[in-house]
Amino acid sequence: MDDCLFCKIATKQIPSAIVYEDDGILAFNDIAPQAPTHVLIIPKTHIESTSEIDQSNKGIAADIIAAASKIARDLNLEGHRLVFNSGEIAGQSVFHLHCHLLGGRAMKWPPG
Ligand code: 5GP
Ligand code: ZN
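Residues numbered from 1 in each chain as written. Chains lettered and ligands numbered in written order. Predicted model: local features only at pLDDT ≥ 70, side-chain atom pairs only at ≥ 80, totals over all residues. Heavy atoms only, no water.

A. Quick look at the packing of aromatic side chains. What the rule picks out here adds up to one aromatic pair. Taking the centre distance of 5.5 Å and the plane angle of 80° together, the rings of Phe6 and Phe28 count as edge-to-face. Of this pair, Phe6 sits in helix H1 (residues 5-10) while Phe28 sits in strand E2 (residues 25-29), and the two are 22 residues apart along the sequence. A relative accessible area of 3% means that Phe28 is categorised as buried. (Phe/Tyr/Trp six-rings, centres within 6.5 Å; stacked < 30°, edge-to-face > 60°. Helix = DSSP H or I, 4+ residues; strand = E, 2+ residues; numbered from the N terminus. Buried < 20%, exposed > 50% of the residue type's maximum accessible area, 1.4 Å probe, protein only.)

B. Focus on the site of ligand 1. Residues in close proximity to ligand 1 total 16 residues, the closest being Asp30, Asn85, Gly91, Ser93 and His100. In this structure, a nitrogen atom belonging to ligand 1 sits 3.3 Å away from a main-chain N or O atom of Ile31. At 3.0 Å from an oxygen atom of ligand 1 is found a main-chain nitrogen or oxygen belonging to Val94. Across the complex, the protein chains shield 81% of the 520 Å² of accessible surface that ligand 1 would expose by itself. Every element with two or more residues in the shell around ligand 1 is listed here: H1 and E2. If you tally residues by element for the shell around ligand 1, the top one is H1, at three residues. In terms of residue class, the shell around ligand 1 is made up of eight nonpolar, seven polar and one charged. (Near = heavy atom within 4 Å. Polar contact = N/O pair within 3.5 Å; in protein donor to acceptor, adjacent residues only side chain to side chain. Areas by Shrake-Rupley, 256 points an atom, 1.4 Å probe, with all protein chains shown as cover. Nonpolar A, V, L, I, M, F, W, Y, C, P; charged D, E, K, R; others polar.)

C. Expanded view of the coordination of the zinc ion (ligand 2). Coordination of the zinc ion (ligand 2) by the protein is provided by Cys4 (SG), Cys7 (SG), His46 (ND1) and His96 (ND1), with metal-donor distances spanning 2.1 to 2.3 Å. Around the zinc ion (ligand 2), the four donor atoms sit at angles spanning 107 to 116°, and that spread fits a shape best called tetrahedral. Binding-site remark: the zinc ion (ligand 2) is held by donors from one chain whose sequence spacing is C-x2-C-x38-H-x49-H. With Cys4 in the segment before H1 and His46 in the loop between strand E3 (37-43) and helix H2 (59-74), this pair connects stretches of sequence that are 42 residues apart. His46 sits in the partly exposed class, given a relative accessible area of 27%. (Donors = N, O, S within 2.8 Å, 3.2 Å for Na, K, Ca; no water. Tetrahedral: all angles 85-135°; square planar, octahedral: opposite > 155°, others 65-115°.)

D. Up close: unusual backbone geometry. Note that the residue after Trp109, namely Pro110, is joined by a cis bond; omega there is 5°. On the secondary structure map, Pro110 appears in the segment after strand E5 (99-103). At Lys12, a position not held by glycine, the phi torsion is positive, near 65°. Tracing the backbone shows Lys12 in the loop between H1 and strand E1 (18-21). Unlike most non-glycine residues, Asn76 shows phi in positive territory, near 55°. Residue placement: Asn76 occurs in the loop between H2 and strand E4 (80-83). Overall, the relative accessible area of 69% leaves Asn76 in the exposed class.

Structure follows, in structure tokens:
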């Protein structure tokens, strides 16, 4: 998508600190980290949010979680949190599906 920040990061028109990449997935450090480890995992194809995941494209969700788990293992995180914000009311600010991988500190539940 022409005017999408994360599409531009996926195609490397905009640089990012890449931590993992395969054919369909890119993972890079969040520019404003909320934890010692804060990685964003995105599909290279444009999908707005998890609200667009259905039977036809659910493999993307599995690929994202598998990539997140590999990154967490490689970083030897004791535990981690995966967050998908979907919709403005849930805190989504970039409308290209992304998974936040957060780790390296204790976290509280429920979130704000
Ligand atoms: P959301 O609020 O949509 O769930 O998360 C968007 C995330 O993207 C935020 O955590 C924000 O810090 C991050 N972000 C926004 N712009 C950029 C950017 O240009 N580069 C990187 N690496 N992260 C960004
Ligand atoms: Zn996009």
